[in-house]
Amino acid sequence: MTGEWAGFEGAPALAGSGSGAPAPRPATAPIPTGVTVPPSAAALLNRCDVLFGEIGRRMHRFSWLRAAGAPIEQCLVVDAYFPGNRVVVVCGAQTAEEDELCAVQVPAHGLRLLRLQPEQFASDPGQLTTRLADAIRALGPVPPRPQEPVPRSVAARHVAPPLAPPPTPARPPTPLAAARWAADRARASTAPDGKRAAGRTDREQQERAGLVLGVTLVVVLAAEMMIFVAIIGFGGGHPVLAIGFAFDVGARALGTIAFARDGDEDRAWGALIVGSPAVVGYTLLSEEPITTEPAPLAGWVGALAIVLIVVAGLAAVL
């Protein structure tokens, strides 16, 4: 069956894994009130990894997911594929042709289709995990793997039939074919469907934001080591203070990495700028602490850094 959006109520988050056993509800930090910006596609897919209990294959292509008569290099790209749960995830808007292609071919090949619109999660970001779990639960149980080829009569008007396994390994697309496919995708996403082009642009902006975050982290860590650890700490005759700031460097780095891996850019920047207090707040003091590795380690390192800095400060005053 195809994934359909059910009404998102405040139900507990629970998703079926490939084995049928319920997966535990992942912990998330509360999102600040008043935030109306929808979550990024990467954040939704990362949360799907947790709920499905497996790492989805990003930007996956199937040989059968293409228009009738189209060459192999023009196979439609889906945002993620979870083979263990037999789920195909499409994040963002599609053209009418792409929408019809997925709606017909994905169920015909024994897979479930989950459509995600980031804008639908903007009204209540704090319930992202719960609402995403409801959408996954609405897909129903994991279907059995098909025991026989899909009949050619299924959606023959729209798409090409599944390809038979070739006698020899298929050669990878040539650079010219890859360039032609990219050009076709760009033309299809620009005209009447602007949302699809906006989704691709959002991925490019995420990559640039990740690069800026990484460069800024390196600069901040280098500055803290030079000024607070070397000059103020050891240079000023305060070894305990120097060690405390050294632990703060570690907490700042580990926290920023953990929150970036969790897809939470706001908390990643908070850990980078504020340091140990923000890391401890997100990992140890929150009602739903972030547990993405290495967040727990970052929280305890940050707590140790705060204790050492406070002790050194009191010793200097007294």
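Residues numbered from 1 in each chain as written. Predicted model: local features only at pLDDT ≥ 70, side-chain atom pairs only at ≥ 80, totals over all residues. Heavy atoms only, no water.

K.L.:
How should I be thinking about the nonpolar core in this particular structure?
P.N.:
The tendency in soluble globular proteins is for nonpolar side chains to be buried side by side. In this structure, Val89, Leu114 and Leu116 are the most contacted members of the largest nonpolar core, which totals 20 residues. Of all the secondary structure elements, the ones that give two or more residues to this core are helix H1 (41-52), strand S2 (77-82), strand S3 (87-91), strand S4 (112-116) and helix H3 (128-137). Element by element, the count of residues in this core is highest for H1, at six residues. Residues within four places of Val89 in sequence aside, it is in contact with Leu45, Val78, Asp79, Ala80, Phe82, Leu114 and Leu116. (Core = buried A, V, L, I, M, F, W, Y, C linked by side-chain atoms within 4.5 Å. Buried < 20%, exposed > 50% of the residue type's maximum accessible area, 1.4 Å probe, protein only. Helix = DSSP H or I, 4+ residues; strand = E, 2+ residues; numbered from the N terminus. Contact = heavy atoms within 4.5 Å.)

K.L.:
Explanation requested: helix H2 (residues 96-108) in the structure shown.
P.N.:
One turn of an α-helix holds 3.6 residues; hence residues three or four places apart share an orientation. For H2, spanning 13 residues, the distance from its first C-alpha to its last is 18 Å, which sits close to the expected 18 Å at 1.5 Å a residue. Of all the positions in H2, only Glu98, Leu101, Cys102, Gln105, Val106 and Ala108 are classed as buried. The first or second residue beyond H2 is Gly110, which carries a positive phi of 75 degrees. (Expected span 1.5 Å × (residues − 1).)

K.L.:
Even after reading the chapter, I still don't get the sheet that holds strand S1 (residues 57-61), so can you show me in this structure?
P.N.:
In a beta sheet, neighbouring strands are held together by backbone hydrogen bonds and run either parallel or antiparallel to one another. Taken in spatial order, the four strands of this open sheet run S1-S2-S3-S4, and their pairing is mixed. The strands lining the two open edges of the sheet, one partner per strand, are S1 and S4. The average angle at which neighbouring strand axes cross in this sheet is 40 degrees, direction not considered. Where S1 and S2 come together, four bridges link them in antiparallel fashion. In the strand pairing of S2, Arg61 is matched with Val77. Contacts from H1 reach S1, S2, S3 and S4, with the element oriented near 20 degrees to S2. (Pairing = 2+ DSSP bridges. Axes fitted to C-alpha atoms, helices over the stretch in contact; angles between N-to-C directions.)

K.L.:
Can you help me understand the environment of Ile257 in this one?
P.N.:
Examined against the element boundaries, Ile257 turns out to sit in helix H6 (residues 239-261). On the basis of relative accessibility, which here comes to 41%, the residue Ile257 falls in the partly exposed class. In this structure the C-alpha to C-alpha distance between Ile257 and Ala268, which are eleven residues apart in sequence, comes to 7.1 Å.

The values are spatial; any link to function lies outside them.
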